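Understanding the architecture of this molecule
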Amino acid sequence: MDSIYRPRRIPLAMLAAILGTLVGCSALAQTSTEPLLQLSNLVYQGSFRLPQMNCGSNYACFSYGGTALTYDAADNSLYVVGDPYGQLSTEISIPAVVNTASLNALNTASLLQPFADPTNGERNLVNTASSVGKKIGGQLIFGGKLIVSVYSYYDANGTQSTSHFVASPNLSNETQVAGPFRVGTVYPGFVSGYMTTVPTEWQATFGGPAFTGNCCLNIIAFQSNGPSVSTFDPSQLGVLLPLPAAVLVGYPHSEPLGSGWGTQSALFNGTTQVTGVVFPPGTRSVLFFGRQGVGPFCYGEGTTNAALNGQPTGQGDISCYDPANGNKGVHAYPYVYQIWAYDANDLAAVKSGSKSAYQIAPYGVWTFHLPFESADQHLLGGTGFDPTNNLIYLSQLNEDANSNPIIHVFKVNGGLAVPEAPGAVQAQ
């Protein structure tokens, strides 16, 4: 009997391993029970305008721009990319937001820094094999630096090899730009766009303090066919080559989200655009923002005449009924502003290897409305996130005079549904 009940000594190494496992399980349990957000948790606060400017020869203005937002806590400001031809960034103030449907009642931001190229003219280096333009996909203030991602706009041969730059938040310090650097081992189209920080409580689980991703670019065979995001450490850009990154959500062409590119779908098709991501602390919700064409899919020339839908144009293609877009290309009218909401526990399962990045799906897909919806294309330029005050800054493109963007603000109400403020836009 003594031999059965006699206490046994456990080697210190084994004891440490057991305690480490228990601590790890405890941390996982703590984060995995955090609430999942619902659409009602995003409470509309109001909006503000951006300055009307003379673009000049270098397109230093906001016309048709308003992309690649990031929030800077140091100045309570936003960095924004302006006109798409110029691909120049600027820092703007955040004025008091006004909850109104009247443009003239909105306050206007001020420029805190003049427009400048945050890559110091080096954008083309992400793909020297292609002469087609390169665009800034995302910006992120991290560790006192401005992280900039760039994608190859039409990478017909899949030759883009790098994506991320490290710059100074002082846009005049062009000599401090480093890069471009490769992030991860997947094709850069999966990582070359929107970025956001990862809440502290999730960083150990995902192995990094930030997310970077992209979606649905031209030449879809190389891109993610649905929202994509990878975890990485921006402080190691230029230190580790390539910088390690783990794909947590991503859909190769053979494994699309939903029914695929040429279909009518609320999940993904050829008209899908995803331009921003946020991960609010205290939750387990990863929210992707963009637009979706929810009508019948069609590839051809846009027309406002419904009777011509599907009819030959005489130019070798067909007409597609689309009052919002008369160009030749993809159509799925009507278009909606949309959020793809993912459970971080599913992303953790991918990180642990128990699931593949294309095997997970959003737990919620939500459409919503914004004021000033005169442009039927429903284009969003990006998101900036203030984690201290739980504020999401969302850029609505082409809705002000001269096709300027409007910046809208939502407050994340930490998992508790609350009534919207009087006069707030009702999300649907």
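Look up: the structure comes first, before these words.
What you are looking at is a predicted structure, and each value in this text was computed from that prediction instead of being measured.

Reading the values: rules and limits
Residues numbered from 1 in each chain as written. Predicted model: local features only at pLDDT ≥ 70, side-chain atom pairs only at ≥ 80, totals over all residues. Heavy atoms only, no water. Helix = DSSP H or I, 4+ residues; strand = E, 2+ residues; numbered from the N terminus. Buried < 20%, exposed > 50% of the residue type's maximum accessible area, 1.4 Å probe, protein only. Contact = heavy atoms within 4.5 Å. Areas by Shrake-Rupley, 256 points an atom, 1.4 Å probe, with all protein chains shown as cover. Salt bridge = Lys/Arg side-chain N within 4 Å of Asp/Glu carboxyl O. Core = buried A, V, L, I, M, F, W, Y, C linked by side-chain atoms within 4.5 Å. Disulfide = S-S within 2.5 Å. Pairing = 2+ DSSP bridges. Axes fitted to C-alpha atoms, helices over the stretch in contact; angles between N-to-C directions.

1. Notes on the overall build of the protein chain
Each helix and strand in the protein chain was counted, giving 4 helices and 23 strands. Expressed as a percentage of the 428 residues in the protein chain, the buried residues total 52%. Look at the contacts in the protein chain between residues 6 or more apart in sequence, and 62% of them connect residues 24 or more apart. As displayed, the protein chain offers around 18000 Å² of accessible surface, 53% of which is attributable to carbon and sulfur atoms.

2. Brief notes about the pattern of salt bridges
Under the counting rule described, the total for this entry stands at 5 salt bridges. In this structure, aspartate 400 engages arginine 49 in a salt bridge whose closest nitrogen and oxygen atoms are separated by 2.8 Å. One end of the pair, aspartate 400, is in the loop between strand E22 (391–396) and strand E23 (406–412); the other, arginine 49, is in strand E1 (residues 42–49), with 351 residues separating them in the sequence. Each member of the pair, aspartate 400 as well as arginine 49, carries the same accessibility label: buried.

3. What to know about the nonpolar core
Phe206, Phe211, Phe279, Val286, Phe288, Tyr342 and Leu347 are the most contacted members of the largest nonpolar core, which totals 27 residues. Counting only elements with at least two residues in this core, the list comes to helix H3 (200–206), strand E13 (246–249), strand E14 (273–278), strand E15 (285–293), strand E19 (335–343) and helix H4 (344–352). The biggest single contributor to this core is H4, with 4 residues. Among the nonpolar cores identified, the runner-up in size contains 19 residues, and Leu39, Leu287, Trp366 and Phe410 belong to it.

4. Some remarks on the state of the cysteines
Applying the stated criterion across every chain, the model contains 3 disulfides. A sulfur-sulfur distance of 1.7 Å marks the disulfide that ties cysteine 215 to cysteine 216. Accessibility assignment for this pair places cysteine 215 and cysteine 216 in one class, buried. Paired through a disulfide, cysteine 298 and cysteine 320 show a sulfur-sulfur distance of 1.9 Å. Where cysteine 298 bonds to cysteine 320 through sulfur, the torsion about that S-S bond is close to -70°, and the disulfide is left-handed. In this pair, cysteine 298 sits in strand E16 (residues 298–303) while cysteine 320 sits in strand E17 (residues 319–321), placing the two residues 22 residues apart along the sequence. A relative accessible area of 11% means that cysteine 298 is categorised as buried. What connects to what in the protein chain, once the bonded cysteines are numbered by sequence position, is 1-2, 3-4, 5-6.

5. Observations regarding the sheet that holds strand E4 (residues 89–93)
Two modes of strand pairing occur in sheets, parallel and antiparallel, and in both the strands are linked by backbone hydrogen bonds. Here we have 4 strands laid out as an open sheet, ordered E2-E3-E4-E5, and antiparallel in their pairing. The sheet is open, and its two borders are formed by strand E2 (67–72) and strand E5 (111–116), each paired with just one other strand. With strand direction ignored, the average angle separating the axes of adjacent strands in the sheet is 20°. Pairing geometry for E4 and E5, over 3 bridges, is antiparallel. Bridging across to E5, serine 89 finds its partner in alanine 116.

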